[in-house]
Amino acid sequence: MLDSKPIQVFIQLSKDERRKFRKWMNLNFVEKNKELKEFFIFLDTRSVINENTATKEKAFRYVYKETDYDDARMRQLLWMLSEALEEFIVVSNISRNISLKEQILSSYYTDKRLYKYANQHIEQGIRLVEQNQLHDADYYLNLFQLQSQYFLINQRNEQNQRFHLDDIINASTIFYVISLLKYACISQSFQKTTGNSMDHLLLEHIVKTLPEATFFTLPQVRIYYNIYLVNTTDNESAFFHFLEDIKTHERVFSDHNLNDLYRLAINFCIRKTNQNQPDYTRRAFELYLYAVEKGFLLLNKEINRFIFTNIIALGIKLKEYEKIDTFMKNYAPLIDNVYRQNTVVFNTARIYHSKQQLEEALRLLLTHEFKDTHLNLNAKYLTLKILFELRDIELFRTFLKSFKVYLKRQLNLGYHKTYFTNVCRSLSILLDIYKKPLKYRNFEFSNETSDKDWFNSMAVNIIQISS
């Protein structure tokens, strides 16, 4: 029962939502049968809901007393609870979305030919939307929907008025442009990760002509335009224009949209960092910390494990140990419990490695199983680096062989596949340098080499010792 949809939804209700749902279940005009109310009371009175306190058998006995257990009746109760919960969720969310409430009432009154009341509610809805300081794509979508409704109500008996037509067209255009650029950026990121290409109608034409459009003065349009250029062409000028705009106009975006925007900007900085442009390492680190501290990169008070790991990696590269120690203490508890231990262990090993506490780092890496593919790849790579630094060459050779086999089997890694393939190639060269140092007396890993500084430092060390 614990894995059923209604129980999982019920568990996720906040204290305030639980209180409101309790009231909802007791409302006279909400038709609920006695058995469903008893089932709700059973769940509501559990101090904790788990596989021991909330079994089907215990719930059935609470509701039906001495009646023999009937699984069909229990399934019916679960279905009714699901219906009641979803009805509550819909109604409570509509009541919070005032403009949607006004739109629904206006539509109802229009159907009943009560046009006076329909107008009152649609005009109220427009005023409420316009008072909202968030001016993202949803703002323009709401305006478009409300103004379209206004037109439908009023064009019936009047033919010579404009009926907000300019507003309808402008709102729909701005909504479309912002949404197109937003999802083109997101799809571009997925394309780079997975290698799957996507086509977008009108995108090329809109990007080409947008700077000449009158609504290009809107900061949210400029922000999505510039981050699109950043994401697709690595345009550095667009990146700095984006940063200037986003810091000035954060208030017009929801936290969800700010999450997307800052992640796109940070991804650009990380690409530049991987191309050995060190200035962008500092920019990525500072943008990460800023966006996390402001809450933009936290979803439901939870930090993504990849974001957490990236911040530690950048802090290590910059030797900002005090900042990353503080960061780990503050945000490690906010990682999803499923991934927390692996994430903390891996990043602790990285910190040990960067401080040359190699045995401690290796012990952590070899005594933990990393189930996530990306984390596992990075853990294997770090293990290989430590083995080479310890000059355990035989074990290094064995691990490198298994690493290549593991990487070859992985699919849909996108640019990560390219990165780790290059790493394997560089590790093989490093092994050859160890075996034949005189052959590589003047050798240097190129700027295209991932983790170039580490590879060159290892190569120089071997050649110097052999000379």
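As shown above, the structure is provided for reference.
Presented here is a report on the structure given in the accompanying data block.

Conventions and cut-offs
- Residues numbered from 1 in each chain as written.
- Predicted model: local features only at pLDDT ≥ 70, side-chain atom pairs only at ≥ 80, totals over all residues.
- Heavy atoms only, no water.
- Helix = DSSP H or I, 4+ residues; strand = E, 2+ residues; numbered from the N terminus.
- Rg over C-alpha atoms; globule rule 2.2 N^0.38 Å.
- Buried < 20%, exposed > 50% of the residue type's maximum accessible area, 1.4 Å probe, protein only.
- Areas by Shrake-Rupley, 256 points an atom, 1.4 Å probe, with all protein chains shown as cover.
- Lys, Arg positive; Asp, Glu negative; His and termini not counted.
- Charge placed at Lys NZ, Arg CZ, Asp CG, Glu CD.
- Phe/Tyr/Trp six-rings, centres within 6.5 Å; stacked < 30°, edge-to-face > 60°.
- Lys NZ or Arg CZ within 6 Å of the ring centre and 35° of its normal.
- Expected span 1.5 Å × (residues − 1).
- Contact = heavy atoms within 4.5 Å.
- Core = buried A, V, L, I, M, F, W, Y, C linked by side-chain atoms within 4.5 Å.
- Axes fitted to C-alpha atoms, helices over the stretch in contact; angles between N-to-C directions.
- Parallel < 35°, antiparallel > 145°, perpendicular 65-115°, else oblique.
- Nonpolar A, V, L, I, M, F, W, Y, C, P; charged D, E, K, R; others polar.

1. Considering the overall build of the chain
And then number 1: Looking only at helices and strands, one finds 22 helices and two strands in the chain.
And then number 2: Against the globule reference of 23 Å for 467 residues, the chain gives a C-alpha radius of gyration of 29 Å, more extended than a compact globule.
And then number 3: The C-alpha extent of the chain, read off along each of the three principal axes, is 95 × 75 × 40 Å.
And then number 4: Counting the 467 residues in the chain, one finds 44% classified as buried.
And then number 5: Just so you have it, the chain exposes about 26200 Å², and 50% of that area is on carbon and sulfur atoms.
And then number 6: Averaging the positions of the 63 positive and the 55 negative side-chain charges in the chain gives two centres separated by 4 Å.

2. What about unusual backbone geometry?
And then number 1: Non-glycine residue asparagine 300 carries a positive phi angle of around 55 degrees.
And then number 2: Its place among the elements puts asparagine 300 in the loop between strand E1 (298–299) and strand E2 (302–303).
And then number 3: Residue classification places asparagine 300 among the exposed positions, given a relative accessible area of 79%.
And then number 4: Although it is not a glycine, lysine 319 sits at a positive phi angle of roughly 60 degrees.
And then number 5: Among the structural elements, lysine 319 can be located in the loop between helix H15 (305–317) and helix H16 (321–331).
And then number 6: Look at lysine 319 and you get exposed, because its relative accessible area is 59%.

3. Describing the packing of aromatic side chains
And then number 1: Counted by the stated rule, this structure contains 32 aromatic pairs.
And then number 2: Where phenylalanine 403 meets phenylalanine 420, the ring centres are 6.2 Å apart and the plane angle is 85 degrees; that geometry is what we call edge-to-face. Of the two residues, phenylalanine 403 is situated in helix H20 (residues 393–409) and phenylalanine 420 in helix H21 (residues 415–435); the sequence distance between them amounts to 17 residues.
And then number 3: The buried category is assigned to phenylalanine 403, whose relative accessible area is 1%.
And then number 4: A relative accessible area of 2% places phenylalanine 420 in the buried class.
And then number 5: Within the aromatic cluster, the residues linked to one another by ring pairs are Phe388, Phe396, Tyr434, Tyr440, Phe443, Phe445, Trp454 and Phe455.
And then number 6: Positioned above the aromatic ring of tyrosine 290, the side-chain terminus of lysine 247 is 4.6 Å from the ring centre.

4. Let's talk about helix H7 (residues 115–130)
And then number 1: Taking 1.5 Å per residue as the helical rise, H7 with its 16 residues ought to reach 22 Å, and the 22 Å between its terminal C-alpha atoms agrees with that figure.
And then number 2: All buried positions along H7 are accounted for by Ala118, Asn119, His121, Ile122, Gly125, Ile126 and Val129.
And then number 3: In this structure, the buried side of H7 is in contact with helix H6 (98–111) and helix H8 (137–154).

5. A closer look at the environment of alanine 332
And then number 1: Following the sequence through the fold, alanine 332 ends up in the loop between H16 and helix H17 (337–354).
And then number 2: Taking the relative accessible area as the measure of exposure, alanine 332 reaches 12% and is therefore buried.

6. Describing the nonpolar core
And then number 1: Ranked by size, the top nonpolar core spans 75 residues in total, and within it Leu181, Ile227, Phe239, Val292, Ile303, Phe308 and Phe327 carry the most contacts.
And then number 2: Ranked by size, the runner-up nonpolar core spans 40 residues in total, among them Ala349, Ile386, Phe420 and Tyr440.

7. Focus: the packing of helix H3 (residues 34–44) against helix H5 (residues 71–96)
And then number 1: At their nearest, the axes of H3 and H5 sit 10 Å apart, and the two run at 80 degrees to each other. Our classification of the angle between H3 and H5 gives roughly perpendicular. Taking contact as the criterion, the partners of Glu35, Leu36, Phe39 and Leu43 in H3 are, on H5, Met74, Leu77, Leu78, Met80, Leu81 and Ala84.
And then number 2: Taken together, the residues of the contact of H3 with H5 sort by class into nine nonpolar, no polar and one charged.

8. Remarks on H20
And then number 1: Given a rise of 1.5 Å per residue, 17 residues ought to cover 24 Å, and the 25 Å separating the end C-alpha atoms of H20 matches this to within 8%.
And then number 2: Against helix H19 (373–389) and H21 lie the buried residues of H20.

9. Some points on the side chain of serine 106
And then number 1: Here serine 106 is to be found in helix H6.
And then number 2: Overall, serine 106 belongs to the buried group, its relative accessible area being 0%.
And then number 3: Serine 106 has contacts with Ala118, His121, Ile122, Gln149 and Ile153, leaving out every residue within four places of it along the chain.

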